[in-house]
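Structural overview
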Amino acid sequence: MHEELELQYTTEHRLVARASVWENDPHGPVAFLLEAIARERPARVLDAGCGPGWHGARIAERTGAHVVAADQSPRMVELAAERGLEAVVADVQTLPFDDAAFDCVLAAWMLYHVRDLDRGVAELRRVLRPGGLLVAATNGEGHLAELLERVGLPRFALPFSRENGAGILRRSFASVERRDFTTRARFPDRDAVVRYVSSMSRAAEVPEDVEPFEAHGEPTVFLAR
């Protein structure tokens, strides 16, 4: 795990801080990706870059599938195991699984961290059975534009994004579908802004007179076969 990722995910605290501002949308991207996997009626699912196992645990509960959670962070793997998942420390660029080992693979908001994207995506394809489904979630370039403007930070330039993700996936998958969403993050006070910006490890000056505001999110979910 390179230095920035290690800072982000050695503990769960930064991830929890970011998750706390987002509204719970029953028709949002997480509900969509869970439904896409459930429709496959999978027996085995890989949650690649699993974080604390939030999504993997919901997949296991909803589908009855055996979910394997994989992450580079030992702490994330520990938390996923506490949720009852089989959990392993692994790098998506060199997955320790046999070919065609899974019916579905979830890569939720993690591919933009992968140094060699083509290699990582090819590994996800390798461990999928023929006809299996990859569900990959990411964000768009305008994600949190209102927040970034307030603190003087540039917009996100993600290696794997809403804008370029389909082209990257098509280098390994024959069929790629894209579904875009708009979500809302609520910042009730300056402290909430400080916590969020600090959790991203991005240096910024947060104005003293920040009033409550909302920022829009641009999550996208790709379905690839």
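Refer to the preceding data block for the structure.
Right, let's walk through the structure included here. (Residues numbered from 1 in each chain as written. Predicted model: local features only at pLDDT ≥ 70, side-chain atom pairs only at ≥ 80, totals over all residues. Heavy atoms only, no water.)

A look at the side chain of Glu 218
- Within the element layout of this structure, Glu 218 appears in the loop between strand E8 (213-217) and strand E9 (219-224).
- Relative accessible area serves as the criterion here: at 15%, Glu 218 is assigned to the buried category.
- At 3.1 Å, the side chain of Glu 218 forms a polar contact with the side chain of His 216. (Helix = DSSP H or I, 4+ residues; strand = E, 2+ residues; numbered from the N terminus. Buried < 20%, exposed > 50% of the residue type's maximum accessible area, 1.4 Å probe, protein only. Polar contact = N/O pair within 3.5 Å; in protein donor to acceptor, adjacent residues only side chain to side chain.)

What about the packing of aromatic side chains?
- The full count for this structure, using the stated rule, is five aromatic pairs.
- Across from the ring centre of Phe 213, 4.0 Å away, lies the NZ or CZ of Arg 150, which sits over that ring. (Phe/Tyr/Trp six-rings, centres within 6.5 Å; stacked < 30°, edge-to-face > 60°. Lys NZ or Arg CZ within 6 Å of the ring centre and 35° of its normal.)

Observations concerning the nonpolar core
- Leu 46, Leu 111, Leu 134 and Phe 187 are the most contacted members of the largest nonpolar core, which has 73 residues in total.
- Residues within four places of Phe 187 in sequence aside, it is in contact with Val 21, Leu 144, Leu 147, Ala 192, Val 193, Tyr 196, Glu 211, Pro 212, Phe 213 and Ala 215. (Core = buried A, V, L, I, M, F, W, Y, C linked by side-chain atoms within 4.5 Å. Contact = heavy atoms within 4.5 Å.)

What about the pattern of salt bridges?
- Summed over the entire model, instances satisfying the criterion amount to 14 salt bridges.
- One salt bridge in this structure joins Arg 171 and Asp 118, with 2.9 Å as the shortest N-O distance. Here the residue Arg 171 occupies a position in the loop between helix H8 (165-169) and strand E6 (176-180), and Asp 118 occupies one in helix H6 (residues 117-126), the gap between them amounting to 53 residues.
- With relative accessibility at 37%, the residue Asp 118 sits in the partly exposed group.
- Salt bridges linked by common partners bring Glu 23, Arg 184, Arg 186 and Glu 214 together as one network. (Salt bridge = Lys/Arg side-chain N within 4 Å of Asp/Glu carboxyl O.)

Considerations on the packing of helix H3 (residues 29-39) against helix H4 (residues 54-63)
- Axis separation between H3 and H4 bottoms out at 10 Å; the angle between their running directions is 45 degrees. Relative to H4, H3 is oriented oblique. Here H3 runs over H4; the crossing is right-handed. When H3 is examined against H4, the residues Val 30, Leu 34, Glu 35, Ile 37 and Ala 38 are found in contact with a partner set consisting of His 55, Arg 58, Ile 59, Arg 62 and Thr 63. (Axes fitted to C-alpha atoms, helices over the stretch in contact; angles between N-to-C directions. Parallel < 35°, antiparallel > 145°, perpendicular 65-115°, else oblique. Left-handed = near helix turned anticlockwise from the far one by under 90°.)

A look at the pairing of strand E3 (residues 86-89)
- Judged from the four bridges that link them, strand E2 (residues 66-71) and E3 form a sheet pairing that is parallel. Within E3, the position partnered with Asp 71 by the bridge is Val 89.
- Handedness of the crossover joining E2 and E3 through helix H5 (residues 74-82): right-handed. (Pairing = 2+ DSSP bridges. Right-handed = clockwise from strand over helix to strand, strands pointing away.)

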